[in-house]
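Observations on the three-dimensional arrangement
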Number of protein chains: 2
Amino acid sequence: MFKKKDRYVVAVAGATGVVGREMLEILEERKFPVSELVLLASERSEGEKLDFSGKKWTVKRLTKDSFKGVDIALFSAGAARSLEFAPAAVESGAVVIDNSSAFRMDPKVPLVVPEVNAPAIAKHAGIIANPNCSTIGMVVVLKPLHDKAKIKRIVVTTFQSVSGTGKKAIDELAGQTVALLNFKDVEKNVYPHQIAFNVLPHIDAFLENGYTKEEMKMVHETRKIMEDDSIGVTATTVRVPVFRCHSESVNIETEKKLTANEARATLSAAPGVLVYDDPKRNIYPLAIDVSGKDETYVGRIREDESIPNGLNLWIVSDNLRKGAALNAVQIAEELIK
Amino acid sequence: MFKKKDRYVVAVAGATGVVGREMLEILEERKFPVSELVLLASERSEGEKLDFSGKKWTVKRLTKDSFKGVDIALFSAGAARSLEFAPAAVESGAVVIDNSSAFRMDPKVPLVVPEVNAPAIAKHAGIIANPNCSTIGMVVVLKPLHDKAKIKRIVVTTFQSVSGTGKKAIDELAGQTVALLNFKDVEKNVYPHQIAFNVLPHIDAFLENGYTKEEMKMVHETRKIMEDDSIGVTATTVRVPVFRCHSESVNIETEKKLTANEARATLSAAPGVLVYDDPKRNIYPLAIDVSGKDETYVGRIREDESIPNGLNLWIVSDNLRKGAALNAVQIAEELIK
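This text gives an overview of the structure that appears in the document. Because the structure is predicted, anything quoted here is derived from the model rather than measured. (Residues numbered from 1 in each chain as written. Chains lettered and ligands numbered in written order. Predicted model: local features only at pLDDT ≥ 70, side-chain atom pairs only at ≥ 80, totals over all residues. Heavy atoms only, no water.)

The subject of this paragraph is the sheet that holds strand E4 (residues 55–61) of chain A. Residues and elements named next belong to chain A. In space, the seven strands of this open sheet follow the order E3-E4-E2-E1-E5-E6-E7, with mixed pairing throughout. Every other strand in the sheet has two partners, leaving strand E3 (49–52) and strand E7 (127–129) as the edge strands with one partner each. Neighbour-to-neighbour, the strand axes of this sheet turn through a mean angle of 25 degrees, independent of strand direction. The pairing of strand E1 (residues 8–13) with strand E5 (residues 72–75) spans four bridges and is classified as parallel. In the strand pairing of E5, Ala-11 is matched with Ala-73. Contacts from helix H2 (residues 79–91) reach E5, strand E6 (95–98) and E7 within the one sheet, and its direction differs from that of E5 by about 175 degrees. Packing against the sheet, helix H9 (residues 321–336) makes contact with E1, E5, E6 and E7, and its axis sits at approximately 165 degrees to E5. (Pairing = 2+ DSSP bridges. Helix = DSSP H or I, 4+ residues; strand = E, 2+ residues; numbered from the N terminus. Axes fitted to C-alpha atoms, helices over the stretch in contact; angles between N-to-C directions. Contact = heavy atoms within 4.5 Å.)

So, on to the pairing of E5 of chain A. Consecutive residues of a regular strand have side chains that alternate between opposite faces of the sheet. Residues and elements named next belong to chain A. Residues Ile-72 and Leu-74 point to one face of E5 and Ala-73 and Phe-75 to the other, with burial holding for every one of them. Both E5 and E6 contribute to a ladder of four bridges, which runs parallel. Following the sheet pairing, Ile-72 is matched in E6 by Val-95. At this point the chain moves from E5, through H2, to the parallel E6, and the crossover so formed is right-handed. (Buried < 20%, exposed > 50% of the residue type's maximum accessible area, 1.4 Å probe, protein only. Right-handed = clockwise from strand over helix to strand, strands pointing away.)

Here E3 of chain A shows a clear split, with Leu-50 and Phe-52 of chain A buried on one side and none of Lys-49 and Asp-51 of chain A buried on the other. Taking the residues between adjacent antiparallel strands as the criterion, E3 of chain A and E4 of chain A are bridged by two residues, where Ser-53 of chain A takes a positive phi near 50 degrees.

Turning to the interface of chain A and chain B, a few remarks are in order. At the interface, 56 residues of chain A touch 56 residues of chain B. Taken together, the two surfaces of chain A and chain B that pack against each other cover about 4900 Å², and 61% of this comes from carbon and sulfur. Taken together, chain A and chain B are joined by eight salt bridges. In this structure, Asp-304 of chain A engages Arg-153 of chain B in a salt bridge whose closest nitrogen and oxygen atoms are separated by 2.6 Å. Applying the counting rule to chain A against chain B returns 40 residue pairs in polar contact (both at pLDDT 80 or more). Ranked by residues supplied to the side of chain A that touches chain B, first place goes to strand E9 (residues 232–239) of chain A with six residues. Counted by class, the side of chain A that touches chain B contains 28 nonpolar, 19 polar and nine charged residues. (Buried area = accessible area lost by both parts, 1.4 Å probe. Salt bridge = Lys/Arg side-chain N within 4 Å of Asp/Glu carboxyl O. Polar contact = N/O pair within 3.5 Å; in protein donor to acceptor, adjacent residues only side chain to side chain. Nonpolar A, V, L, I, M, F, W, Y, C, P; charged D, E, K, R; others polar.)

Turning chain A through 180 degrees and shifting it by 0.0 Å along the axis lays it on chain B, with an RMSD of 0.0 Å. What the rotation and shift describe, once combined, is the action of a two-fold rotation axis. Comparing interface residues between copies, 100% of those in chain A also lie at the interface in chain B; the contact surface is shared. (Least-squares fit on C-alpha atoms with pLDDT ≥ 70 in both.)

Here it is in structure tokens:
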């Protein structure tokens, strides 16, 4: 279905957003063979100019007619816009790599982290979904351990940065911080509560079972990407006053015993993973250090003595890169291989 | 051994510290029957004057001779000073309520959270230990659930505020935040890495098994306070850029099934606990709201579907009050009852 070429017409829907801009940077950085760039956004951003490969490209308004001649369309404009416009892009002959939650659990749509399940890409019918940022970092690290020792259960608590919410949330954290340091009242527009100097156990909407959508994404997406519905997953997702990178405290129970050293050795050989684990020298993954990095960092690898086969891990990945833009571009790279 | 009186001579060792000052506030607030106050600190703070009950009290230097005539000595001056001076206080006839880790795991020393194990106080031989801040909030909430359904295993990840480290850490978070917002380099004196806009999976020193002392305190102290060594506990303790209150993501596995509603009902009747759990109205415990509160707040109570008998909870308590000063004063109140 997808025709290989020397260079491709690439559309970016949501080009002016935090992730959209990151996509352009990564396409350029990794020398993705782009013949022409189609930058799409809402009416508000129409006419803006963005740099790519030493040229200025004008942002056009996203419509159903935006995709004529487009080979690959990277969507990062929210689930509602993906639902509205992705089918039109597919109709026009493009392959859509969608960053939203719109199609992730659709059985006809592959949900892909290339290091974990690249072969699933071949089964696409026009749309390939990019997983949720908090899921991507976790599965890149857990898949090699699952292959080695079979993971039975995952208990995860996240520390997610505000850039996952977008530019307005970045401004809100900075603005609230300045206000508080000047003894002024904080303004709340993006989050229901103050995020500066606080932590919010609330990401995305609440569901009937008491979990948030973000938490249930971690359950369902992990199973789909790891291609194993027997894995038990329970998640608590928390927003923290950090600008970039998601940190995760992950506890796993495996069928076979895996020592901390065996886990470290396995992960040292795993694609996309950097073992950063020398606590006695104060070396462990930190959001501020992983910012801008492609690898998912893992450290604090310890055997959990409360069960026979348990491990604790501390995982940090750049939510805008591996958690979003980089993973989407990696999918595109697999597609054109 | 401890003689009941109408009013008591109370010493506070470490009176000028963050917790020491909180102790004075709480003694006053709760009208603890103080006949005389003996404020003790290091040489550096000698001569400082602190308010208590409308009077100024002069801080004296902590020595082995500081405790003549003292009935109750509240220690919050670090483990080294407790080890050095607490035995002298006991020798002088005082009962020591020690906030440090020095004596917590000593089998002759009761480790007490009054709502959980007040009767243990009677067994003291001069010293009663106040548990670690991150443990206190957790056990206040978990004990009623343990009584109801027997907890087999706890997986906890903490979000701990900088005030747990003391005044210098509060200044470091504020100073680093200001520096970053002014595009200046951050200074690091208290923590090995930047704490502003970052999270550090590192509290207290690292041990041979890869865990921090703080993490192992949560394991050992929880078992001792709950008086059940069969409970499995594994912890990941994390410092977050929050000034006050520790938040905790707690996953428990119980022997008997406990629904979220049953847990909520049990906790609604539990002493020292406030169920704050209406997520659809954005009501869940937050560090900024629990600051200054005596109760430990619990919310986000959900059944964990990855195991038959699992629950997730989000617990927030004021680390300076219930996590330190308040709990110590509550122990003193039990002592004089």
